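# Summary of structural features
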Amino acid sequence: EDVAKACIKSHVFVLPQDHAMIPEITSLLSLYGGQFNNQQEIRVNSPFWILDIPSEEMARGLMKRTVCAKSIFELWGHGRSAGELYTSLKSYPVEKMLPYLQADSTYKIRIHTFNKTLTQAEKIKKIDALEFLPFSGKVNLKSPEHVFWILEDYGLEPNNVPEEPLDLYFGRWIADGQRELIESYSVKKRHFIGNTSMDACLSFIMANHGRVKPNDIVFDPFVGTGGLLISSAHFGAYVYGADIDYNTVHGLGKASRKNQKWRGPDENIRANLRQYGLERFYLDALVSDSSKPIWRKGVLFDAIITDPPYGIREATRRTGSQKEAVKSSERSTENPVFISSSYHLSDIFFDLLKFAAEYLVMGGRLVYWLPIYRPEYTEEIIPRHPCLKLISNCEQMLSSHTSRRLITMEKVKEFKDQDHSSYLLDGQYMPYKGHNSFREKYFSGVTKRIAKEEKDNQK
């Protein structure tokens, strides 16, 4: 259950959350202000976290962005047992409680338990035990002015649930996260999609990792159907893209949807943003080769958010030489850009990092997916650049032997001419060459799995 909740102590908020999404919250805290509470020993896998946030307004701003956290609360009390919780509540300043407990106000108390289901009688008993709190208002279960929650954490082992909770929290509800964006921006409902259109949830997580904010300029050098532009535009950024595929950029060619042969007139990147009322944030999309320098000197982008091709469902391609073009039958009036298929993954990622180092503003972020063959994975194969600092590295499983890692980097040093080929000078280039065989390793695993399934079926 991907639950994350936030509670408050003084100006501390506890956040219900999936532990794998810590970087999203960390990025938003750096954008809005706040930090993880260092007074409490927080179990990394706990769905409840305590945050120090300067104001309720900042807490609401954070929750208007996150798709990982479920809710945030003002924390009034916390303990490892019911007794500790009650003692904590009794020590919470009454003057901070009273504005929400007035006689002319309405309220209700709810209970959320993680990894355990309580009976209604058990819930009522726990609520009645809070009668020492100075509630003066009336109970209203349908539309109360204030909602208070008891949050109980029973750990992560469904087959070994403790009798009593490991942690208990009590707080005032502040705001919910943006989980509904996942459904409203679902790829299934989108006009223009491709074979690798990014899932809506991941798109918003990437925008949050990139700390995208209103009036930023966000660029995707492998834009495809523009899915990553949509999430950034939703947060008020102006978006720009480029792709080597002429037909995709112009919305031409065969459709990706089942039972549809050709793309229609309303299937293009601009139409996607128009569908969500975001067309005003769309700058343009270029037919361009990301391996070639086409940009004027100087910083251009506040964030670069992209999903480069891995060579699985989309080819890794770049423009070829004139000599190659003469031999190629791929050049035509329909696709005036000659395509070569010799763009290695290692080169893609080094070109991407070099581009980000040169064209990001200071403090700007690069967010991208890196495909990994898991048996050979080590931290050393993550591409590096002297101008970019690694902020986070999160894994998404693709199969038993492959995954992709969401890499977030921040520009911390001005780009100099000598930084163009820095990776060739420090002896770190060779470990990254393993990325070039990702396609072969991916399909070798698929072949082995199919063979095993066929063998099992014959038994």
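Residues numbered from 1 in each chain as written. Predicted model: local features only at pLDDT ≥ 70, side-chain atom pairs only at ≥ 80, totals over all residues. Heavy atoms only, no water.

As recorded in an unreviewed UniProt entry, the chain goes by the name tRNA (guanine(10)-N(2))-methyltransferase TRMT11, listed as coming from Nothoprocta perdicaria. In its Subcellular location (unreviewed entry) section, the UniProt entry covering the chain states "Cytoplasm". Note on the chain: under the UniProt heading Catalytic activity (unreviewed entry), the record states "guanosine(10) in tRNA + S-adenosyl-L-methionine = N(2)-methylguanosine(10) in tRNA + S-adenosyl-L-homocysteine + H(+)". (UniProt positions renumbered as here; feature names shortened; annotations may be inferred.)

### Considerations on the sheet that holds strand S16 (residues 360–373)
Across the sheet, 7 strands lie side by side as S12-S11-S10-S13-S16-S18-S17; this open sheet has mixed pairing. Each end of this open sheet is capped by a strand with a single partner; those strands are strand S12 (282–287) and strand S17 (388–397). If you compare each strand with its neighbour and ignore which way they point, the axes differ by 15° on average. Relative to strand S18 (residues 402–411), S17 runs antiparallel, the two being bridged by 9 bridges. Each residue of the ladder has a partner; that of lysine 389, found in S18, is glutamate 410. Strands in contact with helix H12 (residues 345–359) are strand S10 (217–220), strand S13 (301–306), S16, S17 and S18; relative to S16, the strand with the most contacts, it is inclined by about 170°. (Pairing = 2+ DSSP bridges. Helix = DSSP H or I, 4+ residues; strand = E, 2+ residues; numbered from the N terminus. Axes fitted to C-alpha atoms, helices over the stretch in contact; angles between N-to-C directions. Contact = heavy atoms within 4.5 Å.)

### Comments concerning the packing of helix H1 (residues 22–32) against helix H7 (residues 200–209)
Their axes nearest at 8 Å, the elements H1 and H7 cross at an angle of 40°. One way to sum up the angle between H1 and H7 is to call them oblique. With respect to the hand of their crossing, H1 and H7 are arranged in left-handed fashion. Here H1 contributes Pro23, Glu24, Ser27 and Leu28 to the contact with H7, which in turn contributes Ile205, Asn208 and His209. Residue classes in the contact of H1 with H7 are distributed as 3 nonpolar, 3 polar and 1 charged. (Parallel < 35°, antiparallel > 145°, perpendicular 65-115°, else oblique. Left-handed = near helix turned anticlockwise from the far one by under 90°. Nonpolar A, V, L, I, M, F, W, Y, C, P; charged D, E, K, R; others polar.)

### Description of the environment of leucine 360
With respect to the element layout, leucine 360 can be found in strand S16. With a relative accessible area of 0%, leucine 360 lands in the buried category. Linking leucine 360 and glutamate 414, residues 54 residues apart in sequence, is a C-alpha distance of 9.4 Å. (Buried < 20%, exposed > 50% of the residue type's maximum accessible area, 1.4 Å probe, protein only.)

### Section: the environment of glycine 77
For glycine 77, the location among the structural elements is in strand S5 (residues 71–79). Note: C-alpha distance between glycine 77 and lysine 90 (13 residues apart in sequence) is 8.3 Å. Excluding anything up to four places from it in sequence, glycine 77 contacts Leu85, Ser88, Leu89, Leu168, Tyr169 and Phe170.

### Quick word on the side chain of threonine 66
Turning to its location among the elements, threonine 66 is positioned in the loop between helix H2 (56–63) and S5. Among the polar contacts made by the side chain of threonine 66, one reaches the side chain of glutamate 24 at a distance of 2.7 Å. Sequence-distant contacts of threonine 66, that is, excluding residues within four places in its chain, are made with Glu24, Ile25, Leu28, Gly177, Gln178 and Asn208. (Polar contact = N/O pair within 3.5 Å; in protein donor to acceptor, adjacent residues only side chain to side chain.)

### Some points on the packing of aromatic side chains
Taken as a whole and judged by the stated rule, the model has 25 aromatic pairs. Measuring from ring centre to ring centre gives 6.5 Å for tryptophan 76 and tyrosine 100, while their planes differ by 45°; the resulting arrangement is tilted. In this pair, tryptophan 76 is assigned in strand S5 and tyrosine 100 in the loop between helix H4 (94–97) and strand S6 (106–114), connecting sequence segments 24 residues apart. For the residue pair tryptophan 76 and tyrosine 100, the accessibility class agrees, reading buried in each case. (Phe/Tyr/Trp six-rings, centres within 6.5 Å; stacked < 30°, edge-to-face > 60°.)

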